[in-house]
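Close look at the chain arrangement
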Amino acid sequence: AEMLPDGTPSVRVFNDGSKRDVCTLTLPDFTKSASLVELDGRHIRDLEIKDGKVEFELPPFRIATVKIS
């Protein structure tokens, strides 16, 4: 976990495979919202939290940053 420039916690994941993959993150209990953001924290899209987890697709050799609050 890391902090974004605005002090918000985030998690970064990397797909080191050659195929698109589905990432599933189990979130901390305090999480009320989660979103995909750029490396600098700019919003891309909200993620739906189901049973304390989020899922999203990640293309090959790409990094995703998930902002949690």
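Structure: see above.
These lines cover the structure that appears in this document, whether it is placed above or below.

Parameters and conventions
Residues numbered from 1 in each chain as written. Predicted model: local features only at pLDDT ≥ 70, side-chain atom pairs only at ≥ 80, totals over all residues. Heavy atoms only, no water. Salt bridge = Lys/Arg side-chain N within 4 Å of Asp/Glu carboxyl O. Helix = DSSP H or I, 4+ residues; strand = E, 2+ residues; numbered from the N terminus. Buried < 20%, exposed > 50% of the residue type's maximum accessible area, 1.4 Å probe, protein only. Pairing = 2+ DSSP bridges.

Observations regarding the pattern of salt bridges
- The final tally for this structure, using the stated rule, is 4 salt bridges.
- Measuring nitrogen to oxygen at the nearest pair gives 2.5 Å for the salt bridge that ties Glu2 to Arg12. Within this pair, whereas Glu2 is found in strand β1 (residues 2-3), its partner Arg12 is found in strand β2 (residues 9-14), the two being separated by 10 residues in sequence.
- On the basis of relative accessibility, which here comes to 39%, the residue Glu2 falls in the partly exposed class.
- A relative accessible area of 31% means that Arg12 is categorised as partly exposed.

Topic: the pairing of strand β4 (residues 34-37)
- Side chains Ala34 and Leu36 project from β4 onto one buried face, and the interleaved Ser35 and Val37 project onto a second face that is buried too.
- Here 4 bridges tie β4 to strand β5 (residues 43-47), and the two strands are oriented antiparallel to one another. Looking at the pairing, Leu36 lines up with Arg45 of β5.
- Adjacent in sequence and paired antiparallel, β4 and β5 are bridged by 5 residues, among which Gly41 carries a positive phi angle near 100°.
- As paired elements, β4 and strand β7 (residues 63-68) share 4 bridges and run antiparallel to each other. Among the inter-strand pairings, Ala34 is bridged to a residue of β7, identified as Ile68.

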